[in-house]
Amino acid sequence: MKRSQCLSQTARSSSSSSCLAPSKPSRQRCVSARAAAKEVTLLDYGAGNVRSVRNAIKKLGYSIKDVSKPSDITAADKLIFPGVGAFGQAMDVLQQKDYVQPLVDYIQSGKPFFGICLGMQLLFEGSTESGGREGLGLIAGTVDHFDTSRGLPVPHIGWNTLDQLRASDLLASAAPSDRVYYVHSYRAMPQEANVDWVLATSYYGEDFVAAVCKGNAMATQFHPEKSGTLGLNILRGFLEPESAEARAAAAEANARQLAGLAAPEGPDRGLAKRVIACLDVRSNDNGDLVVTKGDQYDVREKEGERDVRNLGKPVELAARYFDEGADEVAFLNITGFRDCPLEDLPMLGVLQAASERVFVPLTVGGGIRGFSAAGKDYPALTVAAEYFRSGADKVSIGSDAVLAAEDYYAAGCKTNGSTAIEQISEVYGKQAVVVSIDPRRVYVKDPSETKHTCVKASEPGPEGEAWCWWQCTVKGGREGRDIDAIQLAKAVEAMGAGEIMLNCIDNDGKGQGFDLALVDAVSKAVTIPVIASSGAGAPKHFTEVFQSTGAAAALAAGIFHRREVGIIEVKQHMAGNRVPARIAA
Ligand code: 1PR
């Protein structure tokens, strides 16, 4: 930090009403700040993936010093605490490592602190999560589960607007209709007793706490490291409150407030419907990892040698979709069911490289299951952990979920704690577990022909059948099972899945629109978010699936890879039809 910046910080602290107003820097603080100007201390207690936080900090030009002992907290000049996992587990680790008191002392000392997600919740008095636990007790109030009786899918996943209650440097770069990324099932509520902390709320059936700030201590329920360019600017607002950009943005935010701009309403406020770009990845016949895309899951060219279709390189395409405003990016290792995932170094490398470039959530699927190799057993949790460490925010489970659901029904709708879904969601939270369903339509003349839930088919079957049901498959559609998509969705919800990626083999790659009846039936059967997938051919298909079903997100592959439709066109069509969309600046 230059002396002039130190001085400008002093000058500013006397004139700004911002919650970031720093205490007067002494000469000594100015000298030590100079030494540590580009270093951040990270409190990563090892419970999960904080790679994306690390990448975001590095992207902003800072180096990271990890906390390995209590005195590292005391010695920090800027501390970031990205809470991961469940409330109880996090408190346990903080207690076991003797971090609680140094952390409370650090925050109360007035030095810069930023908590993320659980790192914000832990500042409260307690949480009902983990059977009810005490927190750090710095902010009045108890964190509680979202009220599921409101009929909204929980976890609250996706991009939501911020209602800023006062001006701040931290959120100065966020305009009223901008959105930030959330993923959580528990939330803190604004109340009289914490009014001095609450900086912003978001709305999801109720107003909940989105950001808190008091002096130099601040925290967000949302993930700035996953909130695109806006999120990086918010992190910069914490790291560099004295920077010219932050001050200009703060002045603009204050001006907006003074102008009395009303908070947006209707589709410009609240949770947006997500648009996800999906990359089906596999090795081609030369052994190179490529993004491919099939029609009804056949990814080979129709003519000639029938090579695997090559639509680009995974990391480059993912980066392109981030730049174009995708709300999430999913990688599906479509031959993962055959390979030993822990030996799939190219796929792990793809995630590592993508997470340095893409600051929205990344999902990875394909081969997430327990397996044995060379006489050794590897639980699914080990496989998932490797992907999380490499930069994935969520894992998507396909074939293994079908087999687990069959066992669940065979046991009389009982879970046994040993499935990949249960193990991963127990450790990483249910929001980290997506189940990918690959159903294929089975036509029947009359619903009495099957025990499965039937609907009237939108078009008659090959022999004029008027009804159909959706049969789940495994191994990338190669094998049909005696379980339908609705049964599978209900079973995996009971096991702890946080989201469903609902493909449709019949519609895949056809560009004729999503299978609306399927998406409608599954989203009515569960309370977790459903991602509609397969068949998008035009922007209107996204608007249509959001208007006529309960889908929380819609995913496409082919039209984006072939540049037939841009992500921004999709979002504009949605917004033009009053479907809430995040249109990134
Ligand atoms: O069974 O846990 O190893 O997971 C395998 C994963 O790979 C599953 O998520 C499965 O859906 C996927 N997969 C397997 N084979 C294929 C294939 O295409 N041959 N891809 C495959 C599935 C479906 C979507 C596709 C949408 C949108 N692809 O990912 O991107 O249908 O496409 P469109 O917009 O072009 O219509 P496991």
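- Where an unreviewed UniProt entry is consulted, the chain appears under the name Imidazole glycerol phosphate synthase hisHF, with the organism given as Tetradesmus obliquus.
- What UniProt records for the chain under Function (unreviewed entry) is the sentence "IGPS catalyzes the conversion of PRFAR and glutamine to IGP, AICAR and glutamate. The glutaminase domain produces the ammonia necessary for the cyclase domain to produce IGP and AICAR from PRFAR. The ammonia is channeled to the active site of the cyclase domain."

A few points about the site of the ligand
Inference 1: In the neighbourhood of the ligand, 24 residues make up the surrounding shell, with Lys 293, Ser 399, Ser 436, Asp 438 and Asp 508 lying closest.
Inference 2: Within the backbone of Gly 509, one N or O atom sits 2.8 Å away from an oxygen atom of the ligand.
Inference 3: Surface burial for the ligand is 98%, taken as the share of its 760 Å² of free accessible area covered by protein chains.
Inference 4: For the shell around the ligand, the elements supplying multiple residues, two or more each, are strand S15 (274-283) and strand S29 (553-556).
Inference 5: Considering only residue class, the shell around the ligand consists of eight nonpolar, twelve polar and four charged.

Quick notes on the nonpolar core
Inference 1: With 163 residues, the main nonpolar core has Ile 80, Val 329, Phe 331, Tyr 387, Ile 424, Phe 542 and Phe 560 as its most contacted residues.
Inference 2: No other element matches the seven residues that helix H15 (residues 485-495) contributes to this core.
Inference 3: In this structure, Phe 560 is in contact with Val 275, Ile 276, Ala 277, Arg 320, Tyr 321, Phe 542, Val 565, Gly 566, Ile 567 and Val 570, ignoring residues within four places of it in sequence.
Inference 4: Residues Ala 330, Leu 332, Met 501 and Ile 531 belong to the second largest nonpolar core, which totals ten residues.

Structural notes on the sheet that holds strand S13 (residues 207-214)
Inference 1: The eight strands lie next to each other as S2-S1-S3-S4-S14-S13-S12-S9, forming an open sheet whose pairing is mixed. The sheet is open, and its two edges are formed by strand S2 (63-66) and strand S9 (163-164), each paired on a single side.
Inference 2: Pairing between S13 and strand S14 (residues 217-220): four bridges, direction antiparallel. Bridge assignment links Ala 211 to a residue of S14, and that residue is Thr 220.
Inference 3: On top of the sheet, helix H8 (residues 228-239) reaches strand S1 (39-42), strand S3 (79-83), strand S4 (113-117) and S14; it is set at about 140 degrees to S3, its chief contact.

A closer look at the UniProt feature "active site" (unreviewed entry) in the chain
Inference 1: According to UniProt, the feature "active site" (unreviewed entry) maps to Cys 117, His 223, Glu 225, Asp 280 and Asp 438 in the numbering used here.
Inference 2: For His 223, a relative accessible area of 13% corresponds to the buried category.
Inference 3: Excluding its chain neighbours within four sequence positions, the residues that come into contact with His 223 are Ile 116, Cys 117, Tyr 181 and Val 183.
Inference 4: Its place among the elements puts Glu 225 in the loop between S14 and H8.
Inference 5: Ignoring sequence-local partners within four residues, the contact set of Glu 225 consists of Ser 52, Val 53, Ala 56, Ile 116 and Phe 359.

Side note on the confidence of the model for the chain
Inference 1: Overall, the prediction assigns the chain a mean pLDDT of 89, with 88% of residues at 70 or greater.
Inference 2: Scored below 50 in pLDDT, residues 1-35 makes 42 contacts in the model with residues more than four places away or belonging to other chains.

A word on unusual backbone geometry
Inference 1: Put simply, Val 154 and Pro 155 share a cis peptide bond, and its omega is 10 degrees.
Inference 2: Structurally, Pro 155 can be placed in the loop between strand S7 (139-145) and strand S8 (156-161).
Inference 3: In this structure, Ser 534 takes a positive phi of about 90 degrees despite not being glycine.
Inference 4: Examined against the element boundaries, Ser 534 turns out to sit in the loop between strand S28 (530-533) and helix H17 (539-548).

Looking at the environment of Gly 464
Inference 1: In this fold, Gly 464 is placed in the loop between strand S24 (455-456) and strand S25 (467-474).
Inference 2: In this structure Gly 464 comes out as exposed when scored by relative accessible area, which is 52%.
Inference 3: In this structure the C-alpha to C-alpha distance between Gly 464 and Lys 445, which are 19 residues apart in sequence, comes to 7.7 Å.

Observations concerning the sheet that holds strand S6 (residues 133-134)
Inference 1: A sheet is described by the order of its strands in space; here four strands give the open sequence S6-S5-S7-S11, paired in mixed fashion. Two strands in the sheet have a free side with no partner beyond their single neighbour: S6 and strand S11 (186-187).
Inference 2: Bridge count for strand S5 (residues 124-127) against S6 is two bridges, and the pairing is antiparallel. Within S6, the position partnered with Ser 127 by the bridge is Arg 133.

Here's the deal with the UniProt feature "binding site: substrate" (unreviewed entry) in the chain
Inference 1: As recorded in UniProt, the sites labelled "binding site: substrate" (unreviewed entry) are Gly 367 and Asn 503.
Inference 2: Tracing the backbone through its elements, the reader meets Gly 367 in the loop between strand S18 (362-365) and strand S19 (371-373).
Inference 3: For Asn 503, a relative accessible area of 6% gives the class buried.
Inference 4: When residues no more than four places from it in sequence are discounted, the contact partners of Asn 503 are Tyr 297, Ser 436, Ile 437, Asp 438, Pro 439, Leu 518, Ser 533 and Ser 534.

Side note on the packing of helix H13 (residues 399-410) against H15
Inference 1: Viewed as axis vectors pointing N to C, H13 and H15 meet at an angle of 85 degrees, and their least axial separation amounts to 9 Å. Comparing the axis directions of H13 and H15 gives the class roughly perpendicular. Taken together, the residues of H15 that come into contact with H13 (itself represented by Ala 401, Val 402, Ala 404, Ala 405, Tyr 408 and Tyr 409) are Gln 487, Leu 488, Lys 490, Ala 491, Val 492, Ala 494 and Met 495.

Parameters at a glance
Residue numbering note: each chain is counted from 1, following its sequence as written. Given that this is a predicted model, residues contribute local features only at a pLDDT of at least 70 and side-chain atom pairs are listed and counted only at 80 or more, while totals for whole chains, interfaces and linings are drawn from all residues. Values reported for side chains reflect all heavy atoms of the structure, with hydrogen atoms and water molecules removed beforehand. UniProt positions are given in the numbering used here, feature names are shortened, and annotations may be inferred rather than shown by experiment. Residue proximity to a molecule or strand is established when one non-hydrogen atom of the residue lies within 4 Å of it. Distance and chemistry together define a polar contact, namely a pair of N or O atoms within 3.5 Å, with one atom able to donate a hydrogen and the other to accept it when in protein, and with adjacent residues in sequence counting only for side-chain atoms on both sides. Reported accessibility uses the Shrake-Rupley method at a 1.4 Å probe radius. Residues are deemed covered only where the shown protein chains occlude them. Think of it this way: any DSSP run of H or I at least four residues long counts as a helix, any run of E at least two long counts as a strand, and we number them from the N terminus. Lys, Arg, Asp and Glu make up the charged group, whereas Ala, Val, Leu, Ile, Met, Phe, Trp, Tyr, Cys and Pro make up the nonpolar group; the residues left over, Gly among them, are polar. Nine residue types can take part in a nonpolar core, namely buried Ala, Val, Leu, Ile, Met, Phe, Trp, Tyr and Cys, and a core is a set of them joined through side-chain atoms within 4.5 Å. Classification of residues uses two cut-offs on accessible area relative to the type maximum, computed with a 1.4 Å probe and protein chains only: under 20% is buried, over 50% is exposed, and between them is partly exposed. Note on definitions: a residue-residue contact is assigned when non-hydrogen atoms from the two residues lie within 4.5 Å. Two strands are counted as paired when DSSP detects at least two bridges linking them. Note on geometry: axes are lines fitted to C-alpha atoms, helical ones only across the stretch in contact, with angles between N-to-C directions running from 0 to 180 degrees. Note: pLDDT gives the predictor's confidence per residue, expressed from 0 to 100. Oblique is the label for any angle not under 35 degrees, not over 145, and not in the 65 to 115 range, which are roughly parallel, roughly antiparallel and roughly perpendicular in turn.

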